[in-house]
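# A look at the structure
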Amino acid sequence: MRLTEQVVEQARTVAAGDTLAELSQAEEKLAHAQAAMTAGAYRTARVQAEQAELDARLAEARVLTLRSQAQLTELNRRIGRLRDQLGAMP
């Protein structure tokens, strides 16, 4: 359970303000896991915790992918501008 809490917290930190369905699902499943643990439904708690961890990891990967794509787009824009400048040179 502690590992899942850490993974969800890490995903929150990486997302930093981005709204992702996967992160919301992870937080919801973590809450269900904690409630199941309190109720003594340990098997349900474990399943919910595992699902929460996977959702959190997916959310983190999605944020990192989006950021990488944005950086790639910016680099391609800069390369295009440099090519234009080099093509305009005598």
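Whatever comes next refers back to the structure up there.
The notes below deal with the structure included here.

Rules behind the numbers
Residues numbered from 1 in each chain as written. Predicted model: local features only at pLDDT ≥ 70, side-chain atom pairs only at ≥ 80, totals over all residues. Heavy atoms only, no water. Salt bridge = Lys/Arg side-chain N within 4 Å of Asp/Glu carboxyl O. Helix = DSSP H or I, 4+ residues; strand = E, 2+ residues; numbered from the N terminus. Buried < 20%, exposed > 50% of the residue type's maximum accessible area, 1.4 Å probe, protein only.

Here the structure, examined in full by the defined rule, presents eight salt bridges. Of the charged contacts, one joins Arg12 and Glu27 as a salt bridge, the two residues approaching to 2.7 Å between their closest N and O atoms. Taken together, the positions of Arg12 in helix α1 (residues 2-15) and Glu27 in helix α2 (residues 21-39) put the pair 15 residues apart, joining distant regions of the chain. For Arg12, a relative accessible area of 33% gives the class partly exposed. The salt bridge partner of Glu50 is Arg46, with a shortest N-O separation of 3.3 Å. Placement of both Glu50 and Arg46 in helix α3 (residues 42-87) is noted, with a separation of four residues, approximately one turn of the helix. Exposure remark for Glu50: the relative accessible area of 41% places this residue in the partly exposed category. The partly exposed category is assigned to Arg46, whose relative accessible area is 45%.

Worth remembering: the numbers are spatial, not functional.
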